[in-house]
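Each chain, letter by letter, is given below.
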Amino acid sequence: MKLTNMVVFKELLKTDLMLFKRIFIDKLINLFIWIITMLGVNAYIMPAFGLTTEYGGFMLASILACSGLFEVTPSVSQIISDLEGDRTIDYKLTLPIPSWLVFVESLVNYAFSAAAMAILILPVGKLILWNMFSLSSVNIVQFIVMFILFNLFYGALTLWQASFVKDMASIENAWMRYIYPMWFLGCFQFSWDSLYQVSPVLAYLDLVNPMTYITEGTRIAILGTESSLNFWSCAAMTFLFCIFGTVHGIKRLQKRLDFV
Amino acid sequence: MSNVLLEIKSVEKDFGSSKALKGVSLNLEEGKIISLLGVNGAGKTTLSSIIATLRPLTRGDVLFKGISIYKDISAFRSNIGYCPQKPNLNALLTVRENLEASGRYYGIKGVAIQERIKYFAHQLRFESYLDHYPSTLSGGYKQRVLIARSLIHQPKLVILDEPTVALDPHIRHQLWEYIRGLREQGITILLTTHYLDEAEVLSDYVCVLNKGTVSLIDTPENLKLAFQKSRLEDVFIQLTNESQEL
């Protein structure tokens, strides 16, 4: 890769981040409403139904791991509306940079946007849960590894999903048919071990769901929980899903947009 | 032609089973304006988007100063400016921000980019719209900004895809004047147009595409002489009628 390619890459990212800065406050408000609602219910109301107070911490890790998933659909909508409308992508594809790198830049932008929001979840969650969650249980190295990986995964997922969503009308189908089951069955509200106790078959089937590794890995990193899924295998699988999503997503987009 | 800047060699483009371009060969001479003419579906936009590296070709090659553009596509892209038919400015950035971003992509920053923006805004008469968002601009002003964006990095070759489509006659004439000025600066221009008067006034060479092939290439004067017509439009109509009869 040439230096000029990296200059274009950096400047494209700079433009995207400038645009992200303009909507940051709105996104922050949305995020706070989501965290307060989810943690408030799970930590303070659900124990009345027999759940332990530790469930608040469990859900904090799940919310952190899954927050980027909720950035995927709006980002895919943006891509599709651009393809159906202004096609600003065409301009980017004539810049002095290999076309595939334009999409990698978009991936990094989506990952960064997801990370900028997700990083706030831990301190806000601590304030809400207070004594129910201890920051001392966080394994910093594992947390950083998982944090980077799952945000990159959401970037890759955005590209991958955009590559097969036909039009704006199909976005809801993508959410209901893929993202929602992936999220809800991806060990968001339960651990993989508890799923295994209920149904080993379902638990093994859930191993094809990338969210399983993301939520389990994040919980191990933040809560130090015991899991049959080892942290590093969760990280490795998340990485593999990132690579798959990126390569397959860009290839499909290349076919769809017919770019060089 | 001498001083060939771009050589299009037997370019073919397939879209599934249909062939949009069937072996187009064409040379673009340095500092000249060449117009691509043809009825809808003749392959004008397909050819210009291939030259702009927006679409890949199926067979053939495009040489820039004798070297295939696909050997180092980024280097070739640094030398071209592409003004698409449909305005595709970033709607979330103002006109100034759009142009600043474009400059930065080519390594032009600070005072240099501000000066260029000032220059183009003055030349193309959109100074008062610099801090407006593209959605608030009329079609004519969007087109001017698109032209400025395609020229901001001083490319050697500019591809203008229907730059004056749906514009008022006086704005078209202003843009013609500007396009002629670009030629004086030594910039090579590939112009795709539906307007025969535009092609006649601006072009050094005219290339007529028909069903994905080159029907003929010549100067507007030679074409008028050969077909014994006073206007390029009449030449084009005769050519189109002849091809339909075949």
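Residues numbered from 1 in each chain as written. Chains lettered and ligands numbered in written order. Predicted model: local features only at pLDDT ≥ 70, side-chain atom pairs only at ≥ 80, totals over all residues.

Asks: Sorry if this is basic, but what is going on with the overall build of chain B here?
Replies: For chain B, the helix and strand inventory stands at nine helices and ten strands. The C-alpha radius of gyration of chain B comes to 18 Å, within 12% of the 18 Å expected for a compact globule of 246 residues. Counting every position in chain B, which comprises 246 residues, the buried fraction comes to 46%. Put simply, 69% of the contacts in chain B that link residues at least 6 apart link residues at least 24 apart. (Helix = DSSP H or I, 4+ residues; strand = E, 2+ residues; numbered from the N terminus. Rg over C-alpha atoms; globule rule 2.2 N^0.38 Å. Buried ≥ 20, exposed ≤ 12 C-beta atoms within 10 Å, placed from the backbone. Contact = placed C-beta atoms within 7 Å.)

Asks: I would appreciate a short explanation of the overall build of chain A in the present structure.
Replies: Across its full length, chain A holds twelve helices and zero strands. Tracing chain A from N to C terminus, the helices and strands come up as α-α-α-α-α-α-α-α-α-α-α-α. Radius of gyration (C-alpha) of chain A: 19 Å, near the 18 Å computed for a compact globule of 260 residues. Projected onto its principal axes, the C-alpha positions of chain A cover 60 × 40 × 35 Å. Evaluated residue by residue, chain A yields a buried proportion of 41% over its 260 residues. Counting contacts in chain A only where the partners sit at least 6 residues apart, residues at least 24 apart contribute 81% of the total.

Asks: Explanation requested: the interface of chain A and chain B in the structure shown.
Replies: Often, the extent of an interface is quoted as the loss of accessible area on bringing the components together. Contact residues are listed per partner, giving 22 residues for chain A and 20 residues for chain B. When residues of the side of chain A that touches chain B are traced back to their parent elements, those giving at least two are α1 (3-45) and α4 (88-92) of chain A. Split by residue class, the side of chain A that touches chain B holds eleven nonpolar, five polar and six charged. (Nonpolar A, V, L, I, M, F, W, Y, C, P; charged D, E, K, R; others polar.)

Asks: What exactly am I supposed to notice about the pairing of strand β6 (residues 80-83) of chain B here?
Replies: Every other side chain in a regular strand lies on the same face of the sheet, so the side chains alternate between the two faces. Residues and elements named next belong to chain B. Covered by surrounding structure in β6 are I80 and Y82 together with G81 and C83, the residues of both alternating faces. Where β6 and strand β7 (residues 157-161) come together, four bridges link them in parallel fashion. Within β7, the residue paired with G81 across the bridge is V158. (Pairing = 2+ DSSP bridges.)

Asks: Can you help me understand the packing of helix α3 (residues 95-105) of chain B against helix α5 (residues 139-151) of chain B in this one?
Replies: Geometry of a packed helix pair, given as the angle between the helix axes and the separation of the axes. All names here are of chain B. At a minimum axis distance of 9 Å, the contact between α3 and α5 shows a crossing angle of 20 degrees. Taken together, the axes of α3 and α5 are roughly parallel relative to one another. As α3 packs across α5, the resulting crossing turns out to be right-handed. Counted together, V95, N98, L99 and S102 of α3 and V145, A148 and R149 of α5 form the full contact between these two elements. In the contact of α3 with α5, the residues fall into four nonpolar, two polar and one charged. (Axes fitted to C-alpha atoms, helices over the stretch in contact; angles between N-to-C directions. Parallel < 35°, antiparallel > 145°, perpendicular 65-115°, else oblique. Left-handed = near helix turned anticlockwise from the far one by under 90°.)

Asks: Just to check I follow, could you spell out the sheet that holds β6 of chain B for this structure?
Replies: Within a sheet, each strand pairs with its neighbour through backbone hydrogen bonds, oriented either parallel or antiparallel. Residue and element names in this part refer to chain B. If you trace the six strands from one edge of the open sheet to the other, you get β6-β7-β8-β3-β9-β10, paired in mixed fashion. A single partner strand is all that each edge strand has here, and the edge strands are β6 and β10 (213-218). For this sheet the average axis-to-axis angle between neighbouring strands, irrespective of direction, equals 15 degrees. Note that strand β3 (residues 33-37) and strand β9 (residues 205-210) share four bridges and pair parallel. Residue pairing in the sheet places I34 in a bridge with Y205 of β9.

Asks: Explain the sheet that holds strand β5 (residues 67-68) of chain B to me, please; I cannot follow it from the model alone.
Replies: Residues and elements named next belong to chain B. One open sheet holds the four strands; their spatial order is β2-β1-β4-β5, and the pairing between them is antiparallel. The open sheet terminates on both sides in strands that have one partner only, identified here as β2 (18-29) and β5. Bridging between strand β1 (residues 4-15) and strand β4 (residues 59-64) involves five bridges; their strand directions are antiparallel. Of the residues in β4, the one forming a bridge with E7 is L63.

Asks: Help me understand the packing of helix α7 (residues 140-164) of chain A against helix α12 (residues 231-257) of chain A, please; the structure alone is not making it clear to me.
Replies: All names here are of chain A. Running from N to C, α7 and α12 cross one another at 25 degrees; their axes reach a closest spacing of 8 Å. With respect to α12, the axis of α7 lies roughly parallel. You can see that α7 and α12 cross each other, and the crossing is left-handed. Tallied by class, the residues present in the contact of α7 with α12 amount to 19 nonpolar, seven polar and two charged.

Asks: Is there a simple way to think about unusual backbone geometry in this case?
Replies: Trans peptide bonds make up most of the peptide bonds, and negative phi angles are found at most residues other than glycine. Positive phi outside glycine occurs at D258 of chain A, with the angle close to 55 degrees. Position of D258 of chain A relative to the elements: it lies in the segment after α12. Judged by local crowding, D258 of chain A falls into the partly exposed class, with 13 C-beta atoms found within 10 Å. Phi is positive for R125 of chain B, which is not a glycine, with a value near 55 degrees. Residue placement: R125 of chain B occurs in the loop between α4 (110-123) and α5.

Asks: What is the right way to read the nonpolar core from this model?
Replies: Within soluble globular proteins, side chains that are nonpolar generally end up buried alongside one another. Judged by nonpolar contacts, the single largest core of 137 residues is most densely connected at F153 and Y154 of chain A together with I159, L190 and C207 of chain B. Looking at this core element by element, the count peaks at twelve residues for α7 of chain A. The contacts of L190 of chain B, once residues within four sequence positions are left out, are L28, I34, L36, S48, I51, L157 and I159 of chain B. (Core = buried A, V, L, I, M, F, W, Y, C linked by C-beta atoms within 7 Å.)

Asks: Help me out: how do you make sense of the confidence of the model for chain B in this one?
Replies: A low pLDDT score tells you not to read the predicted coordinates there in detail. Per-residue pLDDT for chain B averages 92, and the proportion of residues at 70 or more is 98%. For this predicted complex, the interface confidence score (ipTM) comes to 0.91, while the overall pTM stands at 0.91. (pLDDT = per-residue confidence, 0-100.)

Asks: What is the right way to read the pairing of β10 of chain B from this model?
Replies: Residue and element names in this part refer to chain B. Two strands pair when backbone bridges link them, and β9 and β10 are joined in this way by five bridges, in the antiparallel orientation. When the bridges of β10 are listed, N210 appears paired with T213. Hairpin connection between β9 and β10: a loop of two residues separates the two successive antiparallel strands, and K211 in this loop has a positive phi of roughly 50 degrees.

Asks: Which parts of the structure should I look at to understand the environment of P98 of chain A?
Replies: Summarising the element assignment, P98 of chain A is placed in the loop between α4 and α5 (99-118). Remark: the alpha-carbon pair of P98 of chain A and A235 of chain A, spanning 137 residues in sequence, is separated by 29 Å. P98 of chain A has contacts with N5 of chain A together with I73 and S74 of chain B, leaving out every residue within four places of it along the chain.

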